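Secondary and tertiary structure notes
Here is how the chains run, residue by residue.
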Amino acid sequence: MLTKNYKPFFYLLCLALGTYIIHKAVFFFSEISMENFHYSLELLYFSFFAISSLLYLILLVVKKKNFEIVGMAFLFGTFTQMLLAYLALQPILKNKTGESDVEKVSFFITFVLFLLFQTLLTVRLLNGKR
């Protein structure tokens, strides 16, 4: 039971590492310089991984206490994550250089990727046995 609930953390870690390597390789082979980026890829992936892990951990606790509000807890956690991402994105949005466009796209791809995986984990959690 314990490994069943916490195995998704391992999957999330593998997803984060795999996509980070692909993301870094695309930047390397496209010769995109990340020197002027406001946030490094490592920081983005680490922060999104930490937030996703924390949200899943909270959902596990909520599921154990009251299964009926897991969906609402997910929505609140996702809203909070989006708010934090928007606040973190403000310096990038204010920058009007061409390099900032690449950074914006990179930020959104990373955000959507982790949001998608969180949603899949939550669906699996909700479809699981009580």
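Refer to the structure above for everything that follows.
Quick caveat: nothing in here was measured; it's all calculated off a predicted structure.

As for the packing of aromatic side chains
Pairs of aromatic rings are described using the distance from one ring centre to the other and the angle between the two planes. Inspection of every chain in the model, using the stated rule, returns 10 aromatic pairs. Each ring, one from Phe48 and one from Phe114, has its centre 6.0 Å from the other, and the planes form 25°; the classification is stacked. Linking Phe48 in helix α2 (residues 41-65) with Phe114 in helix α4 (residues 98-127), this pair joins segments that are 66 residues apart in sequence. Between Phe107 and Phe108, the ring centres sit 6.2 Å apart and the planes meet at 90°, which makes this aromatic pair edge-to-face. For Phe107, a relative accessible area of 3% puts it in the buried group. Put simply, the rings of Tyr20, Tyr45, Phe48, Phe107, Phe108, Phe111 and Phe114 touch in pairs and so form one group of aromatic residues.

Parameters at a glance
Counting starts from 1 at the beginning of each chain's written sequence and moves along it residue by residue. In keeping with the predicted nature of the model, local features appear solely for residues at pLDDT of at least 70, side-chain atom pairs appear and are counted solely at 80 or more, and the whole-chain, interface and lining totals rest on all residues. Each side-chain value is worked out from all heavy atoms of the structure, with water and hydrogens disregarded. Here a pair means two rings of Phe, Tyr or Trp (six-membered ring of Trp) with centres within 6.5 Å. Their orientation is stacked below 30 degrees between planes, edge-to-face above 60, and tilted elsewhere. By the criteria applied, helices consist of DSSP H or I runs no shorter than four residues and strands consist of E runs no shorter than two, each listed in order from the N terminus. Relative accessible area decides the class of each residue, using a 1.4 Å probe on protein chains only: under 20% of the type maximum gives buried, over 50% gives exposed, and in between gives partly exposed.

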